[in-house]
Amino acid sequence: MVLADGIILGLAVLFLALGVITGFGKGLEIISKGIFGKIFSLVMCYFFIGLVIKIPAISGLMESFVTTLQENGAWWANILLAIRVDIIAVVAIMLVVITFLRILVVQLVKNIFESDNIVMEILNKTLGAILFLILFCALALIVFQIIYWIGGETATNFANGLQGSFMGLDAVFYGNPINALVDTIRLGFHG
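Here is what the cut-offs are and how they apply
- Residues numbered from 1 in each chain as written.
- Predicted model: local features only at pLDDT ≥ 70, side-chain atom pairs only at ≥ 80, totals over all residues.
- Heavy atoms only, no water.
- Salt bridge = Lys/Arg side-chain N within 4 Å of Asp/Glu carboxyl O.
- Helix = DSSP H or I, 4+ residues; strand = E, 2+ residues; numbered from the N terminus.
- Buried < 20%, exposed > 50% of the residue type's maximum accessible area, 1.4 Å probe, protein only.
- Contact = heavy atoms within 4.5 Å.
- Expected span 1.5 Å × (residues − 1).
- Core = buried A, V, L, I, M, F, W, Y, C linked by side-chain atoms within 4.5 Å.
- Arc of directions from axis to C-beta.

**Remarks on the pattern of salt bridges**
Part 1 of the argument: Tallied over the entire structure, the rule returns three salt bridges.
Part 2 of the argument: Across the salt bridge formed by Lys26 and Glu29, the nearest N and O atoms sit 3.3 Å from each other. Residue Lys26 and its partner Glu29 are located together in helix H2 (residues 24-32), separated by three residues, close to a single helical turn.
Part 3 of the argument: Residue Glu29 is classed as buried on the basis of its relative accessible area, which comes to 9%.
Part 4 of the argument: The salt bridge involving Glu29 is made with Lys110; its shortest N-O contact spans 3.5 Å. One end of the pair, Glu29, is in helix H2; the other, Lys110, is in helix H6 (residues 85-113), and 81 residues separate them in sequence. Of the two residues, Glu29 and Lys110, both sit in the buried class.
Part 5 of the argument: Beyond isolated ion pairs, a larger network of salt bridges with shared partners links Lys26, Glu29 and Lys110.

**Describing the side chain of Asp86**
Part 1 of the argument: Among the secondary structure elements, Asp86 is positioned in helix H6.
Part 2 of the argument: The exposure class of Asp86 is buried, given its relative accessible area of 6%.
Part 3 of the argument: Leave out the neighbours within four places in its chain, and Asp86 touches Met62, Phe65 and Val66.

**Here we look at H6**
Part 1 of the argument: Compared with an ideal rise of 1.5 Å per residue, which puts 29 residues at 42 Å, H6 spans 41 Å between its outermost C-alpha atoms and is within 8% of the ideal.
Part 2 of the argument: Three or more residues of H6 are buried, namely Val85, Asp86, Val90, Met94, Ile98, Arg102, Val106, Lys110 and Phe113.
Part 3 of the argument: Packing partners of the buried residues in H6 comprise H2, helix H3 (34-52), helix H4 (56-72), helix H5 (75-82) and helix H7 (118-150).

**Considering the nonpolar core**
Part 1 of the argument: Counting 13 residues, the largest nonpolar core has Phe136, Phe144, Leu162, Leu169 and Phe173 as the members making the most contacts within it.
Part 2 of the argument: Elements that contribute at least two residues to this core include exactly helix H1 (3-22), H7, helix H8 (152-162) and helix H9 (169-174).
Part 3 of the argument: Non-local contacts of Leu162, meaning those with residues more than four positions away in its chain, are made with Ala4, Phe144, Leu169, Asp170 and Phe173.
Part 4 of the argument: Residues Met44, Ile49, Val52 and Met62 belong to the second largest nonpolar core, which totals eight residues.

**What about H8?**
Part 1 of the argument: Every buried residue of H8 is accounted for by Ala155, Ala159 and Leu162. All buried residues of H8 lie within an arc of 55 degrees about the axis, which places them on one face of the element.
Part 2 of the argument: On its buried side, H8 packs onto H1, H7 and H9.

These figures come from the coordinates and say nothing about function on their own.
Here is the structure:
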């Protein structure tokens, strides 16, 4: 066991304890607020925009909006057409709707899991611990990815410190799933 194993185990226990103390409902509420909530809403918009713009009523509205701008012919109308303001408007509306639904669902789940029932309290604490452990794993992968991007002597020294890890941290550092995502994006841009 190397020092990194002890650090990771200590932090994992800390996050598990935070999860038990906080609970699933409150933990979900904390994670869904702020930047994480906004990122979630944007990702959902990205996933569903293709479906939404194919709904006949919405595609009809978009077409009539574009036609109105084309008939106007002013310089500003051409700029709005060039940046696809019709799609931007749909995404903005979707963002508001998805954000509202996210807040509503999180509040509903929080209220269910924080009810005064012994079974729900145990479930709330258990799922809270699991949620915070997943959050810790995600943060650890992000830290590993940042060190990988820094590269050079920093990454080499870090990787050497992970060698012989009981938990296989050296394999996680080199086989980080975030690397695959970044490599796929990089390949898409550079062919």
